[in-house]
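# Commentary on secondary and tertiary structure
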Amino acid sequence: MDTEIGALEGFIKEFCAIKKLPSQTDDLFESLEIYGDDADEFMVDFGQRFGVDVSEYRWYFHTGEEISFNPGAWFFKPPNKRVSYIPISFQTLQAAIAKRMWPIAYPPHELPKVRWDIRITQAITLILIAIPIVGFVIAATTSP
């Protein structure tokens, strides 16, 4: 067991490039600022390194997204805002290693099939890109 704890500590230090770990009960993702794709990569690497089946892991209970420009979220909540937050501690990861599977049973929940927050953000982005292009084309075709 001590070997696994040492290996887990080493994995976290290596992944996050840190020298000192947060306490055993701290929220690792929050205290180490692991969000979005980094959280996903962390869990995949964790599962592979320790032989843990993380297929039942649901990111949106544990972390937000890395995306900083998401005006669509003003109208439609992203997945992590539709569920109650659940911290992941060192103890959670230890339990996963002991069981060789993700130890958290999530409450019943439903997510929409389409991420409308992202679709709206994509549309806004396209419009913001298109406006200068259209303006340039109009200016180029109407100047003498």
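The text that follows walks through the structure, step by step, so that each part is easy to find. (Residues numbered from 1 in each chain as written. Predicted model: local features only at pLDDT ≥ 70, side-chain atom pairs only at ≥ 80, totals over all residues. Heavy atoms only, no water.)

## Some thoughts on the nonpolar core
Soluble globular proteins tend to bury their nonpolar side chains together. If you look at the biggest cluster of nonpolar residues, it comprises 28 residues, and the most contacted ones within it are L8, I12, F42, F46, Y57, L93 and W102. Of all the elements in the fold, those that place two or more residues in this core are α1 (2-16), α2 (28-31), α3 (36-50) and α4 (90-99). (Core = buried A, V, L, I, M, F, W, Y, C linked by side-chain atoms within 4.5 Å. Buried < 20%, exposed > 50% of the residue type's maximum accessible area, 1.4 Å probe, protein only. Helix = DSSP H or I, 4+ residues; strand = E, 2+ residues; numbered from the N terminus.)

## Overview of the packing of α3 against α4
Taken N-terminus to C-terminus, the directions of α3 and α4 make an angle of 40 degrees; their axes are 10 Å apart at the nearest point. Put simply, α3 runs oblique to α4. In this structure, α3 crosses over α4, and the sense of that crossing is right-handed. Between α3 and α4, the residues in contact are F42, F46 and F50 and L93, A96 and I97, respectively. By residue class, the composition of the contact of α3 with α4 is 6 nonpolar, no polar and no charged. (Axes fitted to C-alpha atoms, helices over the stretch in contact; angles between N-to-C directions. Parallel < 35°, antiparallel > 145°, perpendicular 65-115°, else oblique. Left-handed = near helix turned anticlockwise from the far one by under 90°. Contact = heavy atoms within 4.5 Å. Nonpolar A, V, L, I, M, F, W, Y, C, P; charged D, E, K, R; others polar.)

## A look at α4
Where α4 is concerned, the buried positions are F90, T92, L93, Q94, A96 and I97. Capping the start of α4 is the job of one residue whose side-chain oxygen sits 3.2 Å from the backbone nitrogen of Q91: S89. Downstream of α4 by a residue or two, R100 has a phi angle that is positive, lying close to 65 degrees. (Polar contact = N/O pair within 3.5 Å; in protein donor to acceptor, adjacent residues only side chain to side chain.)

## A short note on the side chain of S89
Along the chain, S89 falls in the loop between α3 and α4. Excluding residues that lie within four positions of it along the chain, S89 makes contacts with Q24, T25, D26 and L28.

## Some points on the packing of aromatic side chains
Taken as a whole and judged by the stated rule, the model has 11 aromatic pairs. Consider the rings of F11 and F42, whose centres lie 5.1 Å apart with planes at 50 degrees: the pair is tilted. With F11 in helix α1 and F42 in helix α3, the pair connects residues that are 31 residues apart, well separated along the chain. Here F11 falls in the buried class, since its relative accessible area comes to 3%. Each ring, one from W59 and one from Y60, has its centre 5.7 Å from the other, and the planes form 85 degrees; the classification is edge-to-face. Classification of Y60 as buried rests on a relative accessible area of 9%. An aromatic cluster of three or more residues is present, and its members are F11, F15, F29, F42, F46 and F50. (Phe/Tyr/Trp six-rings, centres within 6.5 Å; stacked < 30°, edge-to-face > 60°.)

Functional significance is not addressed by these values, which are geometric in nature.
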